[in-house]
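In case you want the letters, here they are:
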Amino acid sequence: MNKILFLFLAYTFIWTALFIFLLSIARKLTFMQKQIKQLKQNTEN
Amino acid sequence: MKNIKLTYLVLIVITYMLVLTGLYLAFIYAPPEKTMGDVQRIFYFHVPSAWVSFIAFFVVCLAGIIFLKTGKEQWDRLAASSAEIGVLFIVIVLITGPLWAKPVWNTYWTWDPRLTTSFVLFLIYAAYLMLRSYVSNKERGARFAAVFGIIGFVDVPIVYMSIRWWRTQHPTPVIGGGSGSGLAPEMLTTLMFCLLAFTFLYITLLVLRYQSEGVVKEFQALKHKLQN
C-alpha cells in the first residue's frame, strides 16, 4: 500500500475518534438537560 | 454563569486555533523525513497523544489520592472524566502506532516492550472504567476505582522508560535520548507546538466531560429528592 494511505488512515482515525467522543458528550448532555427540565416541571406541578 | 460560558468559549477557540496551526506545521512547515518520507508525519500527533494519555492518567492518580483523603465527590468525578480521555488517547496511540509501523517495520504489531507496556496501560484503564460502571454501590465503587487508578499509574513510568531500559524495535527517544538522537529544528518546533496544542485539547475535553458528569450528578440528586 502507498505510504500516504497510512498517513491518511492515521489522521482520519484521530479526528473520527475525537469527533465521536465529543458527540457522545453532547448527546449525553442534551439528554440529561431534557430529563432535568422534565423532572423540574413534574415537581412544580 | 456568563463568565463561565465565555471562558469555555475562549478555551475552545484557543484549542481550535492551536490544533489547526499544529496541522499546518505537521503537513506544510515540517520537512519530510529522509528515510521514512511523509508517513513520518504521523509522529506529530502520535507522540502528543501519548503525552496526553500520560497527563490524563496522572490526573486520575492525583485526583484518586485527594478523593481518598477528602472523600469529596468532585475529585472522583475529575478522575472518571480524565480516565475516559486517557483511554481515548491511548487508543489513538495504539492505532496510529501500527499504521506508522506497517510501512516502516513491515508489520503492524510486534510484542516489543514499548508496545506491550502501552497496550497494558490501555487494559488497566479500560478495566478502571469497567469497574466504575459495573459496581452497584457508587460510593464503594468510587473508592475501589481510586485505588485502582493510583496503582494503575505505576505502568506510566514503565511505558516511558521502556525504550531506555530495554533494546526495542521502537525508536529511541528523540528528546534527551543521548548522542545520535535529536530532531531537525523545524521538526522539533512542530513537535513542541503539537504537544502544546494537544495539552489544550486535553484541558478542553476534560472541562467538557467534567461538566457533563456534573449534569448527571445534578439529575441523580434531583431524582433522589423526588423519590423521597
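Located above this text is the structure these notes cover.
Cut-offs and rules
- Residues numbered from 1 in each chain as written.
- Chains lettered and ligands numbered in written order.
- Predicted model: local features only at pLDDT ≥ 70, side-chain atom pairs only at ≥ 80, totals over all residues.
- Heavy atoms only, no water.
- 1 Å grid on protein atoms, 1.4 Å probe; cavity = no way out; pocket = protein on both sides within 12 Å on 5 of 7 lines; lining within 4 Å.
- Points joined across faces, edges and corners; volume = space filled by probe spheres on them.
- Helix = DSSP H or I, 4+ residues; strand = E, 2+ residues; numbered from the N terminus.
- Nonpolar A, V, L, I, M, F, W, Y, C, P; charged D, E, K, R; others polar.
- Contact = heavy atoms within 4.5 Å.
- Axes fitted to C-alpha atoms, helices over the stretch in contact; angles between N-to-C directions.
- Parallel < 35°, antiparallel > 145°, perpendicular 65-115°, else oblique.
- Left-handed = near helix turned anticlockwise from the far one by under 90°.
- Core = buried A, V, L, I, M, F, W, Y, C linked by side-chain atoms within 4.5 Å.
- Buried < 20%, exposed > 50% of the residue type's maximum accessible area, 1.4 Å probe, protein only.
- Expected span 1.5 Å × (residues − 1).
- Polar contact = N/O pair within 3.5 Å; in protein donor to acceptor, adjacent residues only side chain to side chain.

1. Regarding the layout of surface pockets
All names here are of chain B. Approximately 1100 Å³ is the volume found for the largest pocket. As for the largest pocket, its lining consists of 40 residues, of which Phe43, Val47, Arg114, Ile163 and His170 are closest to the centre. Listed by contribution, the elements that provide at least two residues to the lining of the largest pocket are α2 (43-70), α3 (73-105), α4 (113-134), α6 (155-165) and α7 (185-227). It is α3 that provides the largest number of residues to the lining of the largest pocket, a total of nine residues. For the lining of the largest pocket, the residue count by class is 28 nonpolar, nine polar and three charged. Lining the second largest pocket are 22 residues, and of these Asp76, Arg132, Lys138, Glu213 and Lys217 lie nearest its centre. Contributions of two or more residues to the lining of the second largest pocket are made by α3, α4, α5 (138-152) and α7. In terms of residue class, the lining of the second largest pocket is built from six nonpolar, four polar and twelve charged.

2. Quick look at the environment of isoleucine 90 of chain B
All names here are of chain B. Here isoleucine 90 is to be found in helix α3. Each C-alpha atom, one on isoleucine 90 and one on phenylalanine 122, is 6.2 Å from the other, the two residues being 32 residues apart in sequence. Other than its neighbours up to four places away in sequence, isoleucine 90 contacts Ser53, Phe57, Ser118, Leu121 and Phe122.

3. Notes on the packing of α2 of chain B against α4 of chain B
Residues and elements named next belong to chain B. Where α2 meets α4, the axes come as close as 12 Å, and the angle between the chain directions of the two elements is 45°. Judged on the interaxial angle alone, α4 and α2 are oblique. When you trace α2 past α4, the crossing you get is left-handed. Along its contact with α2, which presents Phe54, Phe57 and Val60, the element α4 presents Leu121, Tyr125 and Tyr128.

4. Re the packing of α2 of chain B against α7 of chain B
All names here are of chain B. For the pair α2 and α7, interaxial distance at closest approach is 9 Å and the crossing angle is 40°. Here α2 is positioned oblique relative to α7, judged by the angle of their axes. The handedness of the crossing between α2 and α7 is right-handed. Mapping the contact onto sequence places Phe43, Tyr44, Phe45, Val47, Pro48, Ser49, Trp51, Val52, Ile55, Ala56 and Val59 in α2 and Met187, Thr190, Leu191, Cys194, Leu195, Phe198, Thr199 and Tyr202 in α7. Its residues assigned to classes, the contact of α2 with α7 comprises 16 nonpolar, three polar and no charged.

5. Remarks on the nonpolar core
Tyr44, Phe45, Phe57, Phe89, Leu121, Tyr125 and Tyr202 of chain B are the most contacted members of the largest nonpolar core, which totals 56 residues. Elements supplying a minimum of two residues to this core: α1 (3-44) of chain A together with α2, α3, α4, α6 and α7 of chain B. Among the elements that make up this core, the one with the highest residue count is α2 of chain B (13 residues). If near-sequence neighbours (up to four positions away) are discounted, phenylalanine 57 of chain B is found in contact with Ala83, Gly86, Val87, Ile90, Leu121, Tyr125, Phe153 and Val156 of chain B.

6. Some words on α1 of chain A
Residues and elements named next belong to chain A. Relative to the 62 Å expected for 42 residues at 1.5 Å per residue, α1 spans 62 Å between its end C-alpha atoms, a close match to the ideal helical length. Residues of α1 that are buried include every one of Phe6, Leu7, Ala10, Tyr11, Ile14, Ala17, Leu18, Phe21, Ile25, Met32, Ile36 and Leu39, and no others. The N-terminus of α1 is capped by asparagine 2, whose side-chain oxygen sits 3.1 Å from the backbone nitrogen of isoleucine 4.

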